[in-house]
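Secondary and tertiary structure notes
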There are 2 protein chains.
Amino acid sequence: MTLFKQATIIGLGLIGSSVARALRENGVCEIIVACDASPECLDKVAELKLADKTEADLQKAVDGSDLVILATPVGTYGDIGQAIGQALDFGATVTDVGSVKGCVLKALSGVLPEHVHLIPGHPVAGTEQSGPEAGFASLFAGRWAILTPPQDADPEAVEKLKKMWEAFGSKVEIMTPEHHDLVLAITSHIPHLIAYNIVGTAHDLEGVTDSEVIKFSAGGFRDFTRIAASDPTMWRDVFLNNKEAVLEMLGRFTEDLTALQRAIRWGDGDALFNLFSHTREVRRQIIEAGQDEEAPDFGRPHEIPPEKQAKD
Amino acid sequence: MTLFKQATIIGLGLIGSSVARALRENGVCEIIVACDASPECLDKVAELKLADKTEADLQKAVDGSDLVILATPVGTYGDIGQAIGQALDFGATVTDVGSVKGCVLKALSGVLPEHVHLIPGHPVAGTEQSGPEAGFASLFAGRWAILTPPQDADPEAVEKLKKMWEAFGSKVEIMTPEHHDLVLAITSHIPHLIAYNIVGTAHDLEGVTDSEVIKFSAGGFRDFTRIAASDPTMWRDVFLNNKEAVLEMLGRFTEDLTALQRAIRWGDGDALFNLFSHTREVRRQIIEAGQDEEAPDFGRPHEIPPEKQAKD
Ligand SMILES: NC(=O)c1ccc[n+]([C@@H]2O[C@H](COP(=O)([O-])OP(=O)(O)OC[C@H]3O[C@@H](n4cnc5c(N)ncnc54)[C@H](OP(=O)(O)O)[C@@H]3O)[C@@H](O)[C@H]2O)c1
Ligand SMILES: NC(=O)c1ccc[n+]([C@@H]2O[C@H](COP(=O)([O-])OP(=O)(O)OC[C@H]3O[C@@H](n4cnc5c(N)ncnc54)[C@H](OP(=O)(O)O)[C@@H]3O)[C@@H](O)[C@H]2O)c1
């Protein structure tokens with residue numbers, strides 16, 4: 001379903017390149033223009049034929065586009081907005097895929113012209129990998145995309161963007177940026193923070209060697225290392241730009257952890273058992289809602305070929 | 001390779017039933033006897049033909065066995081030891097698969113007769129599921145098994161047990177129970193604790209509904225719900241029996257988290273970036289060591305059939 005004439009994607013990493021593939025695969029626009037700060041990235045995009053045109057210059061890249069999608073770390077939005085502001089086509093839609101939404105209006109509303117539709121967005125989907133080769137068209141299928149249009153947003157422009165995400169296989173939810181940032185603080189930002197933190201803690205111990213941490217990681221630790229392998233720049237920008245909600249949720253997490261610590265110290269088995277019993281239900285609901293694998297261990301393969309047996 | 005004449009497994013859950021399958025598949029013993037407190041479990045074991053004999057009575061179950069494997073929650077060991085002590089064959093090996101090791105000698109050395117070989121063990125492998133149907137023979141392949149024999153243990157008995165785990169495809173490491181409990185506190189117990197904790201925190205929030213937590217769990221949260229769906233009895237017993245090491249490691253974790261919190265509060269992007277950069281390396285090493293999947297997102301499938309698209 002053709003919704004746009006020409007779409008410009010700025011930042012062709014995991015998410016930007018997945019958007020490029022999904023736009024193409026679902027025939028959502030006629031022409032795809034790719035723009036990235038990294039020349040190697042644009043070469044890769046050309047090699048993989050992810051766009052009809054690659055363009056290093058931001059102003060030239062947005063020229064003639066009725067859709068512009070920012071897919072760079074959120075800390076770059078101010079500068080990018082400044083650069084493209086005057087070059088944007090009349091009535092173009094400007095959106096993004098950033099993991100924080102409150103900061104988008106702050107960074108962009110002052111620098112974009114009145115005549116464009118600024119409608120921030122966030123696909124709640126991803127992997128721990130980065131770059132144009134890591135993306136794939138089905139990344140958004142079965143996942144939710146959140147839009148946080150300003151109150152005075154043009155309903156038609158919002159509707160078109162909603163149709164784009166639906167064409168990618170996503171369900172769309174509309175909410176305020178403030179609510180988005182609170183919800184994602186607990187479902188995404190705090191999980192990443194504590195995963196980064198425990199991997200850091202494990203690395204710094206004196207009594208336990210790194211090699212032991214690696215060898216015995218199948219006890220649970222390895223699950224955390226996946227998200228702690230996510231892009232450092234992207235995640236630095238998330239925490240710098242969603243400070244309030246992250247600190248608020250971190251406060252709750254720490255309070256609960258202190259209670260759990262006390263239960264362990266006092267040997268309160270009932271308190272432990274009660275918490276451990278009701279968390280199981282949350283997983284069941286996530287699987288029922290189609291948001292994770294039913295197969296045990298995330299469906300990791302368990303038939304291990306001899307050459308992949310445990311190594312020192 | 002036949003190492004034992006008759007092996008009795010006590011507790012035929014995920015791990016016990018996987019041991020039964022692996023014993024059979026690798027021809028490690030001639031006869032397998034299954035014993036469990038739950039009659040439904042024993043019925044299932046008989047139905048699945050996981051053992052040559054099922055026996056509800058502990059004393060009858062160990063009679064004539066040269067290998068006895070405890071695969072129940074560690075909190076049950078004292079009572080089980082008391083029950084089987086006098087019924088054990090002369091020179092039998094008694095081992096276990098429990099996730100804590102310091103407590104095993106405490107619970108069992110007083111109640112088992114001098115003439116048996118008590119050699120505690122722990123396969124560092126598992127899934128979030130429970131019960132005899134959840135097990136499989138290849139669970140231990142490519143993973144590490146830890147043995148914590150007492151200083152005066154019979155070398156031959158230790159060697160035989162080592163051969164058993166190697167026959168299952170595991171590599172074996174020998175260490176003291178104290179060191180085991182410290183290493184596993186960071187690679188397994190703390191990861192489970194913080195996973196249980198964040199799932200609990202998310203469930204109790206006022207500003208964010210449970211349904212939002214479920215819908216947007218693909219942002220990272222769902223990774224934590226897998227291990228927070230593990231068996232509550234087993235995990236209660238782990239925390240009650242590895243109090244010291246868990247509290248010690250939790251203290252380190254909390255200290256580091258406080259530093260991270262401060263970096264966010266003060267907008268210290270460099271501190272965040274530095275931590276987030278070196279954690280990636282740990283994941284790379286885990287993959288290189290064959291302890292996790294190289295495929296992004298744990299290899300979760302991303303081609304989602306239409307009937308499994310996102311649902312409310
Ligand atoms: N990863 C996820 O799971 C996920 C999920 C949902 C949303 N998001 C959001 O999606 C956005 C992109 O994340 P990603 O994972 O796709 O990151 P990524 O793979 O690291 O890609 C980002 C790309 O943007 C380029 N870039 C950086 N600054 C730029 C600038 N000023 N102008 C033009 N290009 C620039 C980068 O080039 P260099 O390599 O030269 O820096 C890189 O090619 C972020 O806002 C993130 O919050 C990510
Ligand atoms: N799950 C893992 O990932 C993992 C990994 C490594 C080691 N371990 C260790 O393996 C052991 C078993 O864990 P699991 O995951 O296999 O648990 P599980 O699936 O819950 O199985 C435990 C079995 O033991 C039975 N049982 C409980 N108390 C008993 C008693 N007093 N006498 C006889 N049978 C009894 C249970 O019966 P009921 O159902 O009636 O209670 C159940 O059938 C634990 O010590 C655990 O620390 C677990």
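In what follows, the structure referred to is the one given above.
None of the values given here were measured: they were computed from a predicted structure.

Turning next to the site of ligand 2. All names here are of chain B. Surveying the vicinity of ligand 2 reveals 27 residues, the closest of which are Leu-14, Ile-15, Asp-36, Thr-72 and Ser-99. Within the contact set of ligand 2, an oxygen atom lies 2.7 Å away from a side-chain nitrogen or oxygen of Ser-99. Here ligand 2 loses 79% of its free accessible area of 900 Å² to cover by the protein chains. Of all the secondary-structure elements, those providing two or more residues to the shell around ligand 2 are α1 (14–25), α4 (77–84) and β7 (121–123). Across the shell around ligand 2, the residue classes tally to 13 nonpolar, twelve polar and two charged.

Moving on, we get to the site of ligand 1. All names here are of chain A. With respect to spatial proximity, 28 residues lie near ligand 1, and among them Leu-14, Ile-15, Asp-36, Thr-72 and Ser-99 are the closest. Between ligand 1 and the protein, one listed contact pairs an oxygen atom with a backbone N or O atom of Leu-14 at 2.9 Å. The backbone of Ala-37 places a nitrogen or oxygen atom 3.1 Å from a nitrogen atom of ligand 1. About the coverage of ligand 1: the protein hides 79% of its 910 Å² of free accessible area. Counting only elements with at least two residues in the shell around ligand 1, the list comes to α1 (14–25), α4 (77–84) and β7 (121–123). Partitioning the shell around ligand 1 into residue classes produces 14 nonpolar, twelve polar and two charged.

What follows covers empty space enclosed by the protein. All told, the structure shown has two cavities of 30 Å³ or more when counted by the stated rule. Residue lining of the largest cavity: Ala-202, His-203, Asp-210, Val-213 and Ile-214 of chain A together with Glu-281, Val-282 and Gln-285 of chain B, and that is the complete set. For the lining of the largest cavity, the elements supplying multiple residues, two or more each, are α7 (177–204) and α8 (210–215) of chain A together with α12 (269–288) of chain B. Counted as a void, the second largest cavity has a volume near 30 Å³.

The next point concerns the packing of aromatic side chains. Counting across every chain of the model gives 16 aromatic pairs over all chains. Relative to Phe-276 of chain B, the ring of Tyr-196 of chain A lies with its centre 3.9 Å away and its plane at 15°, an arrangement referred to as stacked. Linking Tyr-196 of chain A in helix α7 with Phe-276 of chain B in helix α12, this pair reaches from one chain into another. For the pair shown, Tyr-196 of chain A and Phe-276 of chain B are each scored as buried. Among the aromatic side chains, those forming a connected cluster through ring pairs are Tyr-196, Trp-235 and Phe-239 of chain A together with Phe-276 of chain B. The aromatic ring of Trp-144 of chain B is capped on one face by Lys-215 of chain A, whose charged end is 4.5 Å from the ring centroid.

Rules used in this analysis
- Residues numbered from 1 in each chain as written.
- Chains lettered and ligands numbered in written order.
- Predicted model: local features only at pLDDT ≥ 70, side-chain atom pairs only at ≥ 80, totals over all residues.
- Heavy atoms only, no water.
- Near = heavy atom within 4 Å.
- Polar contact = N/O pair within 3.5 Å; in protein donor to acceptor, adjacent residues only side chain to side chain.
- Areas by Shrake-Rupley, 256 points an atom, 1.4 Å probe, with all protein chains shown as cover.
- Helix = DSSP H or I, 4+ residues; strand = E, 2+ residues; numbered from the N terminus.
- Nonpolar A, V, L, I, M, F, W, Y, C, P; charged D, E, K, R; others polar.
- 1 Å grid on protein atoms, 1.4 Å probe; cavity = no way out; pocket = protein on both sides within 12 Å on 5 of 7 lines; lining within 4 Å.
- Points joined across faces, edges and corners; volume = space filled by probe spheres on them.
- Phe/Tyr/Trp six-rings, centres within 6.5 Å; stacked < 30°, edge-to-face > 60°.
- Buried < 20%, exposed > 50% of the residue type's maximum accessible area, 1.4 Å probe, protein only.
- Lys NZ or Arg CZ within 6 Å of the ring centre and 35° of its normal.

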